[in-house]
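Secondary and tertiary structure notes
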Amino acid sequence: MGESTAVADTVLLDVDGTLVDSTYLHALAWTRAFGAHDLAPPWWRIHRTVGMGGDLLVGEVCGADVEDRLGDTLRSEWADRYRELLPEVRSFPGARELVDAIRSAGLEVALASSGAAEFTDAALDILGMTRDDFDAVTSAEDVDRSKPHPDILGTALESAGGTQALLVGDTVWDVESAARLSAACVGVRTGGFSEAELDSAGAALVVDDIGVLAQCDWRRVSG
């Protein structure tokens, strides 16, 4: 299935919007960071870029001039605002069951997030899981370029000891980054992108949420 004819031996899981319900809280944190500098991009535009790394998001939303002048400051203020919102982040049901199903199929499983390691660890706490539950955990600090570049996926795949990946993600940026790695992407709708958008971007399969995927036969999905 998907972008590659090779059978996947490793499943890479995105975190925000895929395993935890944080997409709109990220958008709120960015809105507050922008607002502190009298910048008022519309919420829908911010939402559409969540899932893209913060190193690219500011320029995508507000342009290269704002990135040049305020990029690092805005990213720092976004992190502060998101920390305040962390108590409101909830996990999507089925995360542990999904990991168990993937492992039962004989596949490696790794986290591949564009977020900061601090927030990846916070998400693990929310999920009631630890880094030891995965063959690898990667985040923005592990690479120079974030999604939609494939660097995070490639690093996670290598760290997990795999050779061919299948990504589970919630945004068109996930689908694009997987395609750049010659990997298939299974899309979930919990990040706010529609089935049509994920399908049009090239997702091999689109489902409502990870709870659906936890019930799948991963021997078939990975092939």
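Position numbers for residues count from 1 along each chain, tracking the sequence in the order it is written. Given that this is a predicted model, residues contribute local features only at a pLDDT of at least 70 and side-chain atom pairs are listed and counted only at 80 or more, while totals for whole chains, interfaces and linings are drawn from all residues. Computation of side-chain values: all heavy atoms of the structure, hydrogens and water removed.

1. What about the sheet that holds strand β1 (residues 10-13)?
The 6 strands are arranged β5-β4-β1-β6-β7-β8 in an open sheet whose pairing can be described as parallel. Each of the sheet's edge strands pairs with one partner strand only, and the pair in question is β5 (136-138) and β8 (205-207). Geometrically, the sheet is characterised by an average inter-axis angle of 20° between neighbouring strands, direction not taken into account. Bridge analysis of β1 against strand β4 (residues 108-112) gives 4 bridges, and the strand direction is parallel. Paired with L13 across the bridge in β4 is L111. It only takes one pair of heavy atoms within 4.5 Å for two residues to be counted as in contact. Axis definition: a line fitted to C-alpha atoms, limited for helices to the stretch in contact. Angles are taken between N-to-C directions and run from 0 to 180 degrees. Here a helix means four or more residues in a row that DSSP labels H or I, a strand means two or more in a row labelled E, and each is numbered from the N terminus. Where helix α7 (residues 151-159) meets the sheet, its contacts fall on β1, β4, β5 and β6 (165-169), and the angle it forms with β5 comes to roughly 160°. At least two bridges found by DSSP between two strands are what make those strands a pair.

2. Structural notes on the packing of aromatic side chains
Think of it this way: a Phe, Tyr or Trp ring, Trp meaning its six-membered ring, pairs with another when their centres are within 6.5 Å, and the plane angle makes it stacked under 30 degrees, edge-to-face over 60, tilted otherwise. On inspection of all chains with the given rule, the structure shows 5 aromatic pairs. Consider the rings of W30 and W78, whose centres lie 5.3 Å apart with planes at 10°: the pair is stacked. With W30 in helix α1 (residues 23-35) and W78 in helix α4 (residues 64-85), this pair connects stretches of sequence that are 48 residues apart. Here W30 matches W78 in class, with each residue buried. Ring geometry for W78 against F119: centres 5.5 Å apart, planes inclined by 80°, an arrangement best described as edge-to-face. Of this pair, W78 sits in helix α4 while F119 sits in helix α6 (residues 117-127), placing them 41 residues apart in sequence. Only protein chains enter the accessibility calculation, which uses a 1.4 Å probe. A residue is then buried if its area is under 20% of the maximum for its type, exposed if over 50%, and partly exposed in between. Residue F119 is classed as buried on the basis of its relative accessible area, which comes to 7%.

3. Re α1
A helix is expected to reach a length of 1.5 Å times the quantity of its residues less one. Compared with an ideal rise of 1.5 Å per residue, which puts 13 residues at 18 Å, α1 spans 18 Å between its outermost C-alpha atoms and is within 8% of the ideal. The buried fraction of α1 is high, at 10 of 13 residues. Turning to α1, its buried residues number three or more, namely T23, L25, H26, A27, L28, A29, W30, T31, A33 and F34. Buried residues along α1 sit against β2 (20-21), α2 (43-49), α3 (54-62) and α4.

4. What about the confidence of the model for the chain?
What pLDDT expresses is the predictor's confidence in each residue, scored from 0 to 100. Mean pLDDT over the chain works out to 93, with 97% of the residues at or above the 70 mark. Averaged pLDDT values for the elements of the chain fall to 84 in helix α11 (residues 218-221) and rise to 98 in β1.

5. A few points about the packing of α1 against α4
At a minimum axis distance of 8 Å, the contact between α1 and α4 shows a crossing angle of 130°. In this view, α1 runs oblique relative to α4, as classed from their interaxial angle. As for how α1 packs across α4, the hand of that crossing is right-handed. Contacts between α1 and α4 involve L25, H26, L28, A29, W30, R32, A33 and F34 on the former and, on the latter, L74, R75, E77, W78, R81, Y82 and L85. Each residue receives one of three labels: charged for Asp, Glu, Lys and Arg, nonpolar for Ala, Val, Leu, Ile, Met, Phe, Trp, Tyr, Cys and Pro, and polar for the others, Gly being one of them. Residues of the contact of α1 with α4, tallied by class, amount to 10 nonpolar, 1 polar and 4 charged. In these notes the angle categories are as follows: under 35 degrees is roughly parallel, over 145 is roughly antiparallel, 65 to 115 is roughly perpendicular, and the rest is oblique. For any helix crossing, the convention is left-handed if the near helix is rotated counterclockwise from the far helix by under a right angle, and right-handed if that rotation is clockwise.

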